[in-house]
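Okay, here's what each chain looks like letter by letter:
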Amino acid sequence: MKYAFFPGCSLESTAWDLDKSARAVCKALEIELIDIPGWSCCGSTPAHVSNASLATALPAMNLQKAADMGMPITTVCASCYGRLRVANQKINDSDEERERVGRIIGKPYDGKVEVHHLLDVIVNKLGSEAVADKVERKLSGMKVACYYGCLLSRPPEAVAFDNPEHPSVMEKLVAMTGAEAIEWPYKTECCGASLSISNSDVVGRLSHRLLSMVRRAGAECVVVACPLCQVNLDLRQADATAAHGKLPETPILYFTQLLGLALGLPEEELGLEALMVSAAPLLSMV
Amino acid sequence: MEETLTCKNTKLLSEVERRSGTKVSRCFQCHKCSTGCPVAPDMDYMSSQVMRLIILGQEEELLKSKAIWLCASCEACTTRCPMDIDITGVMDVLRMMAIERKVAEPDARSKEFNKAFLTSVRWHGRVFEAGMMAIYKLRSKDFFTDMDKVPKMLSKRKLALWPHFSRVAGEIRKVFKRAEEEEKKR
């Protein structure tokens, strides 16, 4: 399996552990990732709230490069994933949009490059049997809440590869690791996303609401597939509990870190030391 | 005496519908969007009220509102609307109109964040978070929030101190310029 890899800006800073663990897991699963040469930012939320033409053109710069590579794209950031898929949809749906994008990026792009989140690639394209063969360490006894957030399944016409209100792809991945995915009602509720910096009080309230439900449902850690979900639940966890009520410390792991542990990869290859809320006490119990 | 509320000013409604490509006039106030909205408790107008104000032509009320800057673009409203209204897309258009008409709520910090983020992308082709934060702090004058996170993030190597330039940074600057010109033609 070969994919054009779109890392996205977060993977160079706040989510370097996602970058490292995704690459390590793909290597172990024999998924070849080739970085899109000269990739650039997808524009994320600030582009689509500011300039509709820019919001389609920035992802198209990268989609067009993958078209030249002749490969489907995979990415691990839910926001990058969403913006690339939405841009494709807009370009496919309208000749006017396709022509406009062509004028802006200076090259024609037909909207035909496939874009998949790595979660989709591992669970649905590679499949549980192929992964099960490589699992070396069953994470038995670990109780995990799968948190999807918004952009992995919304807007569904453009991005969903699963039921948008009740997705289960991450639960399938957790089952592969031998851990137990608990049921909980907030898995597609928003953490406040890009309000993280400008309205951290709102994000604190939303993160606390999510974390207290995680605990009420009996989970001891959360698994995520988005750098912003991870930051809002992990980096902002101490502020959230200080402002809205005490909760036990809850480690927030990327799906690639959880899977990497099950694949028997060493912790340093998974960037576990980057977590603000340490996963060490949890892992010592497994 | 019976009085019927008729909407005489449909200018706002037609502009929002044209620019968002969605039929706001279909809204029948079921409030499903507001019920599922994570930031509804923080807003001055909830999303269903925003839809109503558009239909009633209350441009000033809306473009000066806090609500449009608190929308987190989580798309729950758009996904659940029984009338297929792209409410998140409508919020995008209202924010653009507020900036174009220079009436945006002065304390809207997310507006400054968006600006700082896009400035960083325009310069480097990618987001350089430390530089973006510096621009945001200067623009929002919110100097102290989150400064306690900096040492923690540095110790975890989560804050790059040097920008990663995309190889196509020069091209990206041109993309910004052309996109701004194209946007004016819409």
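Further up the page is the structure itself.
Residues numbered from 1 in each chain as written. Chains lettered and ligands numbered in written order. Predicted model: local features only at pLDDT ≥ 70, side-chain atom pairs only at ≥ 80, totals over all residues. Heavy atoms only, no water.

1. As for the overall build of chain B
Turning to step 1, where the next piece is worked out: Of the regular secondary structure elements, chain B holds eleven helices and zero strands.
Turning to step 2, where the next piece is worked out: Going from N to C terminus, chain B has its helices and strands arranged as α-α-α-α-α-α-α-α-α-α-α.
Turning to step 3, where the next piece is worked out: When its C-alpha atoms are laid out on the principal axes, chain B stretches across 70 × 40 × 30 Å.
Turning to step 4, where the next piece is worked out: Within the span of chain B, comprising 186 residues, buried residues form 53% of the whole.
Turning to step 5, where the next piece is worked out: Restricting the contact set of chain B to residue pairs at least 6 apart, pairs at least 24 apart contribute 67%. (Helix = DSSP H or I, 4+ residues; strand = E, 2+ residues; numbered from the N terminus. Buried < 20%, exposed > 50% of the residue type's maximum accessible area, 1.4 Å probe, protein only. Contact = heavy atoms within 4.5 Å.)

2. A short note on the pattern of salt bridges
Turning to step 1, where the next piece is worked out: Applying the stated criterion across every chain yields a total of 34 salt bridges over all chains.
Turning to step 2, where the next piece is worked out: The partner of B:Lys158 in a salt bridge is A:Asp17, with the nearest N and O atoms 3.6 Å apart. One end of the pair, B:Lys158, is in the loop between helix 10 (149–155) and helix 11 (169–185); the other, A:Asp17, is in helix 1 (residues 16–28), on a second chain.
Turning to step 3, where the next piece is worked out: By relative accessible area, A:Asp17 is classed as buried at 0%.
Turning to step 4, where the next piece is worked out: With a closest N to O distance of 2.7 Å, B:Glu182 and A:Arg103 form a salt bridge. One end of the pair, B:Glu182, is in helix 11; the other, A:Arg103, is in helix 5 (residues 95–105), on a second chain.
Turning to step 5, where the next piece is worked out: Salt bridges linked by common partners bring A:Glu96, A:Glu97, A:Arg100, B:Glu183 and B:Arg186 together as one network. (Salt bridge = Lys/Arg side-chain N within 4 Å of Asp/Glu carboxyl O.)

3. As for a nonpolar patch on the surface
Residues and elements named next belong to chain B.
Turning to step 1, where the next piece is worked out: A cluster of nonpolar residues, Leu-138, Phe-143 and Phe-144, forms a patch on the protein surface that exposes about 390 Å² of accessible area.
Turning to step 2, where the next piece is worked out: Examined against the element boundaries, Leu-138 turns out to sit in helix 9 (residues 129–140).
Turning to step 3, where the next piece is worked out: You can call Leu-138 exposed: its relative accessible area is 60%. (Patch = residues over 30% accessible without salt bridge, like charges linked within 9 Å, V, L, I, M, F, W, Y side chains within 5 Å. Areas by Shrake-Rupley, 256 points an atom, 1.4 Å probe, with all protein chains shown as cover.)

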